[in-house]
Amino acid sequence: MGANEGEWHSFAVEEVARLLQTDVDRGLKGVEVPELQKKFGPNELKGQKGVNPWKVLLGQFTNGLTVILVLAAVVSYAVQDYAEGGVLAFVIIFNAAVGFVQEYRAEKTMDALRRMASPTAKVIRDGGLDRISSPGVVPGDIIVLEVGDVVPADCRLIEVLNLEVDEAMLTGESLPVAKSVEPIKEDQASLGDRLNMVYSSTTLTKGRARGIAVATGMKTEIGKITKSISETASNSTPMQRRLNQMAYVLFGISLLLAVIVFAVNKFKFKTTIILYAVSLSIAVIPEGLIAVITIVMALGVRRMATQRALVRKLVALESLQAVTNICSDKTGTLTQGKMTVTSIWLSGKDQLSVSGDGWNTTGQIYLRDQVLDNSDLLSDIRFRLLVECSALCNTANIVEASEGKVWGDPTEIALQVFAYKFQMGKPTFKKTKEQLTEFPFSSAVKRMSMLCRDVGRDEFEIYTKGAENVLRVCDRVIENGSEVQIVSKKDFMQTVEAQIQIMAKQGLRVLVVAYRKETESGMGKPVMKWAREDVERSLVFLGLLGIRDTPRPESKRAVDQCYQAGIIVHMLTGDHQDTALAIAKEVGIIRPPPNRAEESVVPLFNPVMTAQEFDALSEEEIDDLAELPLVIARCTPATKVRMIEALHRRKKFAAMTGDGVNDAPSLKKADVGIAMGAGSDVAKQSSEIVLTDNNFATIVMAVSEGRRIFSNIRKFVLHLISTNVGEVIVLIIGLAFKDRSGLSVFPLAPVQILYMNMLTSTPPAMALGVEAASKEVMKVPPHTKGLFGKELLADMMAYGIIMGGLILTDWVLVIYAFGDGNLGLECNSAENLAECNTVFRARSTILIAFTWMMLLHAYNCRHVRFSLFTKDGGGASKIFSNKLLVVSVFVGAMLPIPPVYIPTLNTEIFKQETISWEWGIVIVSVVAFFICSEVYKFCKRKIMSSHPI
């Protein structure tokens, strides 16, 4: 039993029934079902058991920096340094809490998939119709389907009647798909082209059918999606990986420095020496970094939520700024998801354009760029009848289009909205026209007709619309206001079919519109006996209507901004190639490469491919393409995943947008998955970001916000690490200064180190984290090399060396140049105050000087290259723009002063003394720091031409 997976559409009904050992009329035998259920299992999706809160919580402690902070806290408590240990514990707990709250909000992906499954199914077994629970369906069951049913399993159709199925959530097709039973012999036909198949969890919008269940549970197409989602591993972002690497390097350095402290002091394990070693080791680790990153990202999440972008995972903010390629669905993402009449063609006239997007019932008619008067248009009897047909040969109803209060088939709604634009909607005909009989759309004849009566008269109007075959039942046209016989049917057909092809290449779904007047006497029988073949003949051709799902007004601007920011947009859609190509050109996806005139001499690549063409290529052939296609039509879930993988092999950072179940695997595989709020729960669960307004333009805002956050993270990372480098330089070189006993005299006491770190790390870093975006933020290429680039590492070392050198100079000046050069005895404790006066005064000097340098260095970090005294570098005009930075610097600069002058607190706790003339050294050294910083930035500007954000 069985066939090659995915080939059921290519077999005749009889062959499918033979392979599955079933009877198309009587179905399976009841005695066979238990064995089949045992063999194939229940018809349900196997998913994860849900989100485990303990697992999420544990995940907050698995990054390298947090692990190092935990070890540092343990060591602090072990040596009874409770203050430092308490600070570290607070940072660890706070970060874990924020991360846990953000990530635990995720819904259960597999539960959402299960809820989509049909609860019951109608099957034929032993010749009788039974309603059973959907999990009881097995391959070989004959499934009976009616309008409104959710398909319980993948089925090969064996009988259809006017069947249309909504497959948008699986294929991305914007319109319901008409189905048939004939075998599809095309090799590797995509899901959207398998017209004799219906798939689990899709919905019948019209007609009824019977089919043979060919796949159940995890073997269905939606089951394959489920499996691909569960098997896709979550990858860490570049910043996460670099932070982890940094943590391990810093941990190694901290251990080495601790050993150096003990070695210099001849491995005498005094309490003061142990505390200094621990303080030095912790000074290497920026304990505030992970907390500040978490808080800044959480604030970014809040900011983005107000702009209709919900972030499910904090790390997505960092990933957004690195995005180089966006793979977007078309329907409902770049387009409005609402069918609209956009073009009209009347025989012998030029093609007209119709304005007004979506369900907007106001609009104008254009001939090229010229607006035409509605009254003039309606004076043409062909145009007026065409509008009448749109309103009356229609089953849709519009209550209040502006509020979305419409119902009916998407095409019917589009035609009704078109009629409303001329104040000729269906309600306007209530007193003049009476709808008598509807001849519904049939996949066999591919047309629909409505028979209407003129109120108070014995005349009838027949309005017909449909595909090209409507032309076959037309024998007249209207010329100069009168009906005339078609002279040459061949020429007529060629002319109209050529126009249909032109409109189809514009991405339009083309409807042929026709009508005729009739009387009972002319028909020769009463109206109630008129059959379809009586009505749909000898019609008068009126014209063509072009309908499509129009792009969102913001989409082109959003795509333009993406290209300006160095981001390439790809469209991956289930629609046909002509439709996809037309939309791609209109929104600007297909365009010459920006700022690359030399591309004109390079052989052009094919910007548009079908999924069948793309999937037929091997990975090597895809990698050999000059450029990946900008548009892939008739796209399948597997194609979208292959596209993401191809981008990854080219070292690109890919984002995927979408709303259907068919988008879930690629959303999960992408570096950033962006789901639409109106989409399926499965897509949302597979994504990192959800757009509540379903607007592609919101992605541009999200990328801009991601770039702002990443730029700010670089700023405060530079601030934190460079100050730590300066601190380590001072504390290590300071070990060279020894008293009479041969023990080192510490430049800063352990309590001073802790106090200084509390004032200078988190507050200014937090302020830098909320800096406004640079005006260049969306005018530079994506930053794909992670957080720690060569320039950032050079800046950390340069500023650290400048600070460390100046502080050591202050230490030497106070003790040797202006002091007595006496390093005293046991000055690391408060046991010999008289002899340690000079050392204590030097400590007060460098504590204040170091604190002020670190705090004011935050202004240096606002821009890594521009001068502090220029507008772009955050000069005088912007010095107070970041109020949090002003407050943190001012308050932080004041707080080290009281401990210098409060008796007992200064000598007993901080191991320092009051100062007077030393304030001159403090001020001069701070000014010198800014001068050295400006010289360093000047040299960078001379060497580096571009300016980062």
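Computed from a predicted structure; not experimentally measured. (Residues numbered from 1 in each chain as written. Predicted model: local features only at pLDDT ≥ 70, side-chain atom pairs only at ≥ 80, totals over all residues. Heavy atoms only, no water.)

### Quick look at the overall build of the protein chain
- When you go through the protein chain residue by residue, the secondary structure sums to 34 helices and 28 strands.
- Burial statistics for the protein chain: of 949 residues in total, 55% are counted as buried.
- Looking at the protein chain alone, contacts between residues at least 24 apart form 72% of all its contacts between residues at least 6 apart.
- By element, 58% of the accessible surface of the protein chain is carried by carbon and sulfur atoms, the whole surface being about 39,500 Å². (Helix = DSSP H or I, 4+ residues; strand = E, 2+ residues; numbered from the N terminus. Buried < 20%, exposed > 50% of the residue type's maximum accessible area, 1.4 Å probe, protein only. Contact = heavy atoms within 4.5 Å. Areas by Shrake-Rupley, 256 points an atom, 1.4 Å probe, with all protein chains shown as cover.)

### A word on the state of the cysteines
- Under the defined criterion, the tally for this structure stands at 1 disulfide.
- Linked covalently through their sulfurs, C827 and C836 form a disulfide whose S-S length is 1.9 Å. Linking C827 and C836, the disulfide has an S-S dihedral of approximately -95 degrees and is accordingly described as left-handed.
- C393 provides the cysteine sulfur closest to C389, a residue in no disulfide bond, and the two sulfurs are 4.7 Å apart. (Disulfide = S-S within 2.5 Å.)

### Details of the packing of aromatic side chains
- Applying the stated criterion across every chain yields a total of 13 aromatic pairs.
- A ring pair is formed by W345 and F541, whose centres lie 6.4 Å apart and whose planes are at 50 degrees; its orientation type is tilted. With a gap of 196 residues between them, W345 in strand 10 (residues 335-345) and F541 in strand 22 (residues 539-551) connect regions that are remote in the sequence. Per residue, the accessibility class of W345 equals that of F541, and both read buried.
- Feature note: the residues W345, F492 and F541 constitute an aromatic cluster, connected by ring pairs.
- Lying over the aromatic face of W359, K338 brings its terminal NZ or CZ to 4.5 Å of the ring centre. (Phe/Tyr/Trp six-rings, centres within 6.5 Å; stacked < 30°, edge-to-face > 60°. Lys NZ or Arg CZ within 6 Å of the ring centre and 35° of its normal.)

### Observations regarding the sheet that holds strand 23 (residues 568-572)
- In spatial order, the strands read 8-28-27-26-9-23-25-24; together these 8 strands make up an open sheet with mixed pairing. Every interior strand has two partners, whereas the edge strands, strand 8 (309-311) and strand 24 (608-610), have only one. Neighbouring strand axes in the sheet, compared pairwise and without regard to direction, differ in orientation by 20 degrees on average.
- When strand 23 meets strand 25 (residues 631-633), the two strands line up parallel, connected through 2 bridges. Paired with L572 across the two strands is I632, which belongs to strand 25.
- Helix 23 (residues 637-649) rests against strand 9 (325-328), strand 23, strand 25 and strand 26 (654-658) of the sheet, and its axis sits at about 160 degrees to strand 26. (Pairing = 2+ DSSP bridges. Axes fitted to C-alpha atoms, helices over the stretch in contact; angles between N-to-C directions.)

### With respect to the environment of V608
- Take V608: it is sitting in strand 24.
- Its relative accessible area of 6% is what places V608 among the buried residues.
- In this structure the C-alpha to C-alpha distance between V608 and L581, which are 27 residues apart in sequence, comes to 7.1 Å.
- Sequence-distant contacts of V608, that is, excluding residues within four places in its chain, are made with Q577, L581, I590 and V631.

### Describing the nonpolar core
- In terms of nonpolar packing, the biggest core is built from 125 residues, with I589, I689, F696, F716 and V717 touching the most fellow members.
- Here the element with the most residues in this core is helix 26 (residues 696-733); it accounts for 17 residues.
- Discounting chain neighbours no more than four positions away, the residues touching F716 are L289, V292, I293, V296, A765, L768 and G769.
- Core analysis: the next-biggest nonpolar cluster, separate from the first, contains 37 residues, V354, M448, V540 and I547 among them. (Core = buried A, V, L, I, M, F, W, Y, C linked by side-chain atoms within 4.5 Å.)

### Some thoughts on the pattern of salt bridges
- Tallied over the full model, the rule gives 38 salt bridges.
- Where K224 meets E221, a salt bridge forms, and the shortest distance between an N and an O atom there is 3.2 Å. Placement of both K224 and E221 in helix 8 (residues 221-231) is noted, with a separation of 3 residues, approximately one turn of the helix.
- The class of K224 is partly exposed, set by a relative accessible area of 29%.
- Relative accessible area serves as the criterion here: at 14%, E221 is assigned to the buried category.
- A salt bridge links R649 to E619, with the nearest nitrogen and oxygen atoms 3.8 Å apart. Of this pair, R649 sits in helix 23 while E619 sits in helix 22 (residues 619-624), and the two are 30 residues apart along the sequence.
- Overall, the relative accessible area of 30% leaves R649 in the partly exposed class.
- Here the salt bridges share partners, and the residues they tie into one network are K433, D454, R457, E459, E461 and K517. (Salt bridge = Lys/Arg side-chain N within 4 Å of Asp/Glu carboxyl O.)

### Structural notes on the environment of E826
- Mapped onto the fold, E826 is located in the loop between helix 29 (790-817) and helix 30 (837-860).
- Note on E826: relative accessible area 28%, which makes it partly exposed.
- Contacts of E826, omitting those with residues within four sequence positions, involve K270, D739 and C836.

### A look at the packing of helix 27 (residues 750-760) against helix 30
- Where helix 27 contacts helix 30, the two axes come as close as 10 Å, and the packing angle between them is 20 degrees. In terms of axis orientation, helix 27 runs roughly parallel to helix 30. In the crossing of helix 27 with helix 30, the sense of the turn from one axis to the other is right-handed. Where helix 27 abuts helix 30, its residues Q752, M756, L759 and T760 lie against R843, S844, L847, F850, T851, M854 and L855.
- Of the residues belonging to the contact of helix 27 with helix 30, the class tally is 6 nonpolar, 4 polar and 1 charged. (Parallel < 35°, antiparallel > 145°, perpendicular 65-115°, else oblique. Left-handed = near helix turned anticlockwise from the far one by under 90°. Nonpolar A, V, L, I, M, F, W, Y, C, P; charged D, E, K, R; others polar.)

### Things to note about unusual backbone geometry
- Phi is positive for R634, close to 55 degrees, though the residue is something other than glycine.
- The topology assignment puts R634 in the loop between strand 25 and helix 23.
- What makes R634 buried here is its relative accessible area of 9%.
- One non-glycine residue, K651, lies in the positive phi region at around 65 degrees.

### A short note on the pairing of strand 1 (residues 120-125)
- Where burial is concerned, most of strand 1 is hidden: 5 out of the 6 residues are buried.
- In the sheet, strand 1 pairs with strand 2 (residues 128-133) via 6 bridges, with the strands oriented antiparallel. Counted as the bridge partner of V123 is D130 from strand 2.
- The turn joining strand 1 and strand 2, which pair antiparallel and follow one another in sequence, is formed by 2 residues; a positive phi near 55 degrees is taken by D126.
- Where strand 1 meets strand 3 (residues 142-146), 3 bridges bridge the pair, whose relative direction is antiparallel. Bridge pairing in strand 3 links I124 to I142.

### Considering helix 19 (residues 555-564)
- Of all the positions in helix 19, only S555, A558, V559, C562 and Y563 are classed as buried. Down the axis, helix 19 shows its buried residues gathered within 140 degrees of arc, on one side only.
- Considering only its buried residues, helix 19 is in contact with strand 9, strand 23, helix 20 (577-587) and helix 26.
- Count one or two residues on from helix 19 and you reach G566, which has phi positive near 80 degrees. (Arc of directions from axis to C-beta.)

### Digging into a nonpolar patch on the surface
- Together, V887, F890, V891, M894 and L895 make up a nonpolar patch on the protein surface, roughly 430 Å² of accessible area in all.
- Here M894 shows up in helix 31 (residues 883-894).
- Residue classification places M894 among the partly exposed residues on the basis of a relative accessible area of 36%. (Patch = residues over 30% accessible without salt bridge, like charges linked within 9 Å, V, L, I, M, F, W, Y side chains within 5 Å.)

### Considering the confidence of the model for the protein chain
- With 85% of its residues at a pLDDT of at least 70, the protein chain reaches an overall mean of 82.
- The lowest-confidence element of the protein chain is helix 6 (residues 109-116), averaging 42 in pLDDT; the highest-confidence one is helix 14 (residues 381-392), averaging 94.
- Confidence drops under pLDDT 50 across residues 106-118; counting only partners more than four residues distant or on other chains, this segment forms 40 contacts.
- Considering only residues more than four positions removed or in separate chains, one finds that residues 596-604, a stretch of pLDDT under 50, has 2 contacts. (pLDDT = per-residue confidence, 0-100.)

### Observations concerning the side chain of K421
- Within the secondary structure layout, K421 lies in the loop between helix 15 (410-420) and strand 16 (433-439).
- Within the local environment of K421, its side chain forms a polar contact with the backbone oxygen of G356, the two atoms lying 3.1 Å apart.
- If we ignore the near neighbours within four places in the chain, the residues touching K421 are T340, V341, V354, S355, G356, N360, T361, T362, G363 and N374. (Polar contact = N/O pair within 3.5 Å; in protein donor to acceptor, adjacent residues only side chain to side chain.)

### Notes on the packing of helix 26 against helix 29
- One can describe the packing of helix 26 onto helix 29 by two numbers: an axis separation of 7 Å at closest approach and a directional angle of 40 degrees. Classified by the interaxial angle, the pair formed by helix 26 and helix 29 is oblique. Note on packing geometry: the crossing formed by helix 26 with helix 29 is right-handed. Facing R714, V717, L718, I721, S722, T723, V725, G726, I729, V730 and I733 of helix 26, the residues of helix 29 in contact are L792, D795, M796, M797, Y799, G800, I801, M803, G804, I807 and L808.

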